[in-house]
Amino acid sequence: MSRLEFPTVPLPITRIPLEKNIRLYIKREDLIHPEISGNKYWKLFYNVNNYLNKQPNHPKFITFGGAYSNHIAAVAAVGKMMHISTLGIIRGEELSLKYQENPTLKQASENGMEYLFVTREEYRNKENISLELREKFPEALIIPEGGTNDQAVEGVCHMLNNETQEFDYLCTAVGTGGTAAGLSKFCETHQQVIGYQVVQDASVEEKVFQLSGKRNVTFLEAHDRGYGKITEENIRFINSFFQKFGIPLDPVYTGKMMKKIMEQIEEGYFPEHSSVLVFHTGGLQGIAGANERLKQQNKTEINFRN
Ligand SMILES: Cc1ncc(COP(=O)(O)O)c(C=O)c1O
C-alpha cells in the first residue's frame, strides 16, 4: 500500500444487549487495520496522503509519544508498509537501554522506527525539538503527539456515515483531543458527543473547540483516569466484557471509557429509549505491555483470546 486507503467494507456496528431500555452499540474502528487501528488510521489518513502527494525526495515520518503509545505503534507500521523511514521522539531517556523490553517500542523498532529518547523536561518542550528536526530533515513530515492537528480532524470525519447519523450520543475516549474534535465538527446537529478523558489535561477542552469550532462535546472523566493506571477492577471489567460480548478492550482508553459508560447506564445518565454509539478506537497493541506489568505484579492479566 503506497497510500492509506478507504476500507472496502463498512466497519461493523455491534449491539451490546442491555437490560435497560437504551440502545447501546459499538463501532469497531479497531478492525480497520491490524497495526494502524481505529482512530489512528483516520488521524494519519490526510496527514500521510497529503504529504506523499507532494512527492518528497527524502520522505520520513517523525513523531512523538510515550513508552506505550498507540500512535507511535501506528506511525511505525505506516512507515513499514510504505517503505518510509520513521523516527520516534520518546518520552523518558531511561528507556534508551531497555526499550527492547517494552512490547510497543520493540515492535515499532522491528517495523523500522528509529528513536530519540529525551527527558521528560525536554519532551515538554517538544516545539524546540521539532524546530531542530525541521532543520535537520527539511522534507520530513513532523506529526504532533497523538497525531492531533487539523488534518487529523478531517480524517475523523470518516468514522461517521449514514449508519451513525441516527444515534443520540457519540462516545469516544479522549487523549490529545483530535478524535473528539472530529466527531464534534462532523456530527449531526441533534447528536451529542461525549469525550471520556483518560488523562487529566485542562487544556484539552479548549483545544477541541479550537479544532472543531463547536462546543457540542461533554467532557467526562473515564473510569480510573491516568495513562499508566491499571487497576484490578478495570482488568476484571475488560475480561468480563470480552467474555460476555466477545469484544476486546484496551486498558488505557476503551476499557476505561466503557466501564464508565456502563456505570452511567446503571445510574440513569442516558434517557430511556436513547441510542448510544461508542467508537472502539483500537489500542489493543497496548495489552501486551500491560500484561507484562501485571505479570510482574502477580496480578490477573487481560484475556483477549477465546
Ligand atoms: C485507543 C485510543 N483511543 C483513544 C485515543 C484518543 O484519541 P485522541 O488523542 O485523538 O484524543 C487514542 C489516542 O490516539 C487511542 O490510542
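Every chain's residues receive numbers from 1 upward, in the order its sequence appears when written. Per-residue local features are limited, in this predicted model, to residues with pLDDT of at least 70; the limit for side-chain atom pairs, both in listing and counting, is 80 or more; totals at the level of whole chains, interfaces and linings are taken over all residues. Heavy atoms from the whole structure form the basis of all side-chain values; hydrogens and water molecules are not counted.

1. Focus: the UniProt feature "domain: Tryptophan synthase beta chain-like PALP" (unreviewed entry) in the protein chain
If you check UniProt for "domain: Tryptophan synthase beta chain-like PALP" (unreviewed entry), the listed places come out as residues 7-282 in our numbering. Labels follow the DSSP assignment, with helices taken as runs of H or I lasting at least four residues and strands as runs of E lasting at least two, numbered in each case from the N terminus. The distance from the first to the last C-alpha atom of residues 7-282 is 16 Å, and the span holds 38% helix and 19% strand. UniProt positions are given in the numbering used here, feature names are shortened, and annotations may be inferred rather than shown by experiment.

2. Quick look at the layout of surface pockets
In this structure, the largest pocket encloses a volume near 1,100 Å³. Only protein atoms enter the calculation, which uses a 1 Å grid: trapped sets of points that fit a 1.4 Å probe without letting it out are cavities, open sets showing protein on both sides within 12 Å along at least five of seven lines are pockets, and any residue with an atom within 4 Å of a point is a lining residue. Lining the largest pocket are 48 residues; nearest its centre among them are Gly66, Tyr68, Ser69, Arg91 and Tyr227. If you list the elements that add at least two residues to the lining of the largest pocket, you get helix 1 (39-53), strand 3 (60-65), helix 2 (70-82), strand 7 (169-174), helix 7 (178-186), helix 8 (204-212) and helix 11 (286-296). With five residues, the single largest contributor to the lining of the largest pocket is helix 11. Domain delimitation in this document rests on an assignment produced automatically or drawn from a domain database. Taken together, domain 1 (13-35 + 150-296) and domain 2 (41-147) each give at least three residues to the lining of the largest pocket, which thus spans both. Grid points are joined across faces, edges and corners, and a volume is the space filled by probe spheres set on the points. Roughly 430 Å³ of internal volume is contained in the second largest pocket. Lining the second largest pocket are 21 residues; nearest its centre among them are Pro34, Glu35, Gly283, Leu284 and Gln285. When residues of the lining of the second largest pocket are traced back to their parent elements, those giving at least two are helix 2 and helix 3 (103-110).

3. Describing the packing of helix 7 against helix 8
In the contact formed by helix 7 and helix 8, the axes pass within 8 Å of each other and the chain directions differ by 45°. In this view, helix 7 runs oblique relative to helix 8, as classed from their interaxial angle. Crossing handedness for the pair helix 7 and helix 8: right-handed. Contacts from Ala180, Ala181, Ser184 and Lys185 of helix 7 reach helix 8 at Val208, Leu211 and Ser212. Throughout, the ten residues Ala, Val, Leu, Ile, Met, Phe, Trp, Tyr, Cys and Pro are labelled nonpolar, Asp, Glu, Lys and Arg are labelled charged, and all others, Gly among them, are labelled polar. The class makeup of the residues in the contact of helix 7 with helix 8 is four nonpolar, two polar and one charged. In this description, a line fitted to the C-alpha atoms serves as the axis of each element, helices being fitted only across the stretch in contact, and the angle between N-to-C directions of two axes falls anywhere from 0 to 180 degrees. Any angle that falls under 35 degrees is termed roughly parallel, while one over 145 is termed roughly antiparallel, one within 65 to 115 roughly perpendicular, and all others oblique. Two helices that cross are described as forming a left-handed crossing if the nearer one is turned anticlockwise from the farther one by less than a right angle, and a right-handed crossing if clockwise. Between two residues, a contact is recorded if the distance between any of their heavy atoms is within 4.5 Å.

4. Re the pattern of salt bridges
When a carboxyl oxygen of Asp or Glu is within 4 Å of a side-chain nitrogen of Lys or Arg, the pair counts as a salt bridge. This structure, assessed with the given rule, holds twelve salt bridges. Where lysine 259 meets glutamate 233, a salt bridge forms, and the shortest distance between an N and an O atom there is 3.4 Å. Residue lysine 259 is located in helix 10 (residues 254-267), and its partner glutamate 233 is located in helix 9 (residues 232-245); the two are separated by 26 residues in the primary sequence. Think of it in three bands: residues with accessible area under 20% of the maximum for their type are buried, residues over 50% are exposed, and the middle band is partly exposed, with areas taken using a 1.4 Å probe on protein chains only. In this structure glutamate 233 comes out as partly exposed when scored by relative accessible area, which is 38%. Taken together, the salt bridges that share partners define one network made up of Glu233, Lys259 and Glu263.

5. Things to note about the environment of leucine 211
Here leucine 211 is to be found in helix 8. With a relative accessible area of 14%, leucine 211 lands in the buried category. Note: C-alpha distance between leucine 211 and glutamate 292 (81 residues apart in sequence) is 36 Å. Those residues in contact with leucine 211, other than ones at most four positions away along the chain, are Thr148, Asn149, Asp150, Val153, Ala181 and Lys185.

6. Looking at the UniProt feature "active site" (unreviewed entry) in the protein chain
Residues annotated by UniProt as "active site" (unreviewed entry) correspond here to Ser69. Along the chain, the position of serine 69 falls in the loop between strand 3 and helix 2. By relative accessible area, which is 15% here, serine 69 ends up buried. In this view, serine 69 contacts Thr104 and Gln285; residues no more than four positions away in its chain are not counted.

7. A short note on helix 11
Think of an α-helix as turning once every 3.6 residues; residues three or four places apart then point the same way. Taken as a whole, helix 11 has its buried residues at Gly286, Ile287, Gly289, Ala290, Asn291 and Leu294. Looking at the packing, one finds that the buried side of helix 11 touches helix 2, helix 3 and helix 9. Remark: asparagine 298 follows helix 11 within two positions and exhibits a positive phi of approximately 60°.

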